[in-house]
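# Examining the three-dimensional arrangement
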Amino acid sequence: KMNAVKAEFPEVRCEVGDVRDIDWLTTIFPGHETIIHAAAIKIVPLAEARPREAILTNVVGSMNVAQAAIESGVKRVVGISSDKAAGLTYYGNTKRLMEATFRQAREWGNTEFVLCRYGNVLKSANSVVPFFQKQIDDGKPFTITHLEMTRFWLSMQQAIDLILYTYHYAKSGDIVVPKAPAMKVVDLAKTLDPDREVVEIGIRAGERLHETL
């Protein structure tokens, strides 16, 4: 991913690090006015199987981002949350706690904290679209966890526009929630290949049939 970014935007400086390491954050944050915090363990079954890792990254890491931003004089932090924050999974709870941490962090200093919450971004990392496309390329049937499962969908550009809207217009402490359309996962698959066989494989740990924003 980083190599792809550098290839497309050679003027961008890339750093490798970990939000769990607050000392590292305090070395790279100074001199920046804005932080967009998108680092997270966001695969729901992984968070269900390894809740400790999800907590350390999604909650403790977010606390570190908030503290380092305040200490470094960052003016505004945008936190990227998820529709899962309205649910009761381990992952959802970590994102809900991230939201709560950022809203409370307004009391720690002069940095403003805003949040946006949205669903699935088409063609993003771990998105189902590249997964379905690989099944098409490999000549395999679509595997769907449940035929009635729905998700909220945004294009990559819509997700970026939401982040920019949140940055420019949200007041400190706000959580911006879009009016995103919901669609069955199986219907999305059928738009890619209407004639391909669909195999139902069962809901994975922590998944719900329908999300809520």
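Values in this document were obtained by computation on a predicted structure and should not be read as measured data.

This paragraph deals with helix 5 (residues 90–105). Counted at 1.5 Å a residue, the expected span for helix 5 with its 16 residues is 22 Å, and the 22 Å between its end C-alpha atoms agrees. Among the residues of helix 5, those classed as buried are Tyr91, Gly92, Thr94, Lys95, Met98, Glu99, Thr101, Phe102 and Ala105. Buried residues along helix 5 sit against strand 1 (34–37), helix 3 (44–49), helix 4 (51–71), strand 2 (76–82), strand 3 (112–118) and strand 7 (175–176).

All right, on to helix 7 (residues 156–169) then. Relative to the 20 Å expected for 14 residues at 1.5 Å per residue, helix 7 spans 20 Å between its end C-alpha atoms, a close match to the ideal helical length. Regarding helix 7, the residues found buried are Ala159, Leu162, Ile163 and Thr166. Taken end-on, helix 7 shows its buried residues confined to a sector of 95 degrees, consistent with a single buried face. When the buried face of helix 7 is taken as reference, the exposed residues oriented beyond 90 degrees from it are His168 and Tyr169. As for helix 7, its buried residues are in contact with strand 1, strand 2, strand 3, strand 4 (120–121), strand 6 (150–154) and strand 7.

Picture the strands of a sheet paired through backbone hydrogen bonds; they go either parallel or antiparallel. The strand order 4-6-8 describes an open sheet built from three strands, whose pairing is mixed. In this open sheet, the two strands that pair with only one neighbour each are strand 4 and strand 8 (182–184). Note: strand 6 against strand 8, three bridges, orientation antiparallel. In the strand pairing of strand 8, Thr150 is matched with Lys184. Running over the sheet, helix 8 (residues 185–192) touches strand 6 and strand 8 and is turned about 75 degrees from strand 8.

The buried fraction of strand 3 amounts to six of the seven residues, a majority that puts the element mostly inside the structure. As judged from the seven bridges shared by strand 2 and strand 3, these two strands associate in the parallel manner. Of the residues in strand 3, the one forming a bridge with Ser82 is Tyr118. Pairing between strand 3 and strand 7: two bridges, direction parallel. Its bridge partner lying in strand 7, Leu115 is registered against Ile175.

Together, Val5, Phe9 and Val12 line one region of the surface with nonpolar side chains, adding up to about 200 Å² of accessible area. Along the chain, Val5 turns up in helix 1 (residues 2–8).

The next point concerns the packing of aromatic side chains. Under the defined criterion, the tally for this structure stands at four aromatic pairs. Arranged with centres 5.0 Å apart and planes meeting at 45 degrees, the rings of Tyr165 and Tyr169 form a pair that is tilted. Of this pair, Tyr165 and Tyr169 both sit in helix 7, separated by four residues, roughly a single helical turn. Taking relative accessible area as the criterion, Tyr165 reaches 45% and is therefore assigned partly exposed. Just above the ring of Phe142 sits the side chain of Arg196; from NZ or CZ to the centre is 6.0 Å.

Attention shifts here to the confidence of the model for the protein chain. Of the residues in the protein chain, 100% reach a pLDDT of 70 or more, and the chain-wide mean stands at 93. Here strand 4 stands out as the element of the protein chain with the lowest mean pLDDT, 86, in contrast to strand 1, whose mean of 98 is the highest.

Here we come to the pattern of salt bridges. Counted under the stated rule, the structure contains 14 salt bridges. The partner of Glu112 in a salt bridge is Arg76, and the shortest N-O contact between them spans 2.4 Å. Taken together, the positions of Glu112 in strand 3 and Arg76 in strand 2 put the pair 36 residues apart, joining distant regions of the chain. The salt bridge partner of Glu211 is Arg151, with a shortest N-O separation of 3.7 Å. Of the two residues, Glu211 sits in the segment after strand 9 (198–200) while Arg151 sits in strand 6, which places them 60 residues apart along the sequence. Residues participating in the shared-partner salt-bridge network are Asp83, Lys84, Arg151, Arg208 and Glu211.

What counts and how
- Residues numbered from 1 in each chain as written.
- Predicted model: local features only at pLDDT ≥ 70, side-chain atom pairs only at ≥ 80, totals over all residues.
- Heavy atoms only, no water.
- Helix = DSSP H or I, 4+ residues; strand = E, 2+ residues; numbered from the N terminus.
- Expected span 1.5 Å × (residues − 1).
- Buried < 20%, exposed > 50% of the residue type's maximum accessible area, 1.4 Å probe, protein only.
- Contact = heavy atoms within 4.5 Å.
- Arc of directions from axis to C-beta.
- Pairing = 2+ DSSP bridges.
- Axes fitted to C-alpha atoms, helices over the stretch in contact; angles between N-to-C directions.
- Patch = residues over 30% accessible without salt bridge, like charges linked within 9 Å, V, L, I, M, F, W, Y side chains within 5 Å.
- Areas by Shrake-Rupley, 256 points an atom, 1.4 Å probe, with all protein chains shown as cover.
- Salt bridge = Lys/Arg side-chain N within 4 Å of Asp/Glu carboxyl O.
- Phe/Tyr/Trp six-rings, centres within 6.5 Å; stacked < 30°, edge-to-face > 60°.
- Lys NZ or Arg CZ within 6 Å of the ring centre and 35° of its normal.
- pLDDT = per-residue confidence, 0-100.

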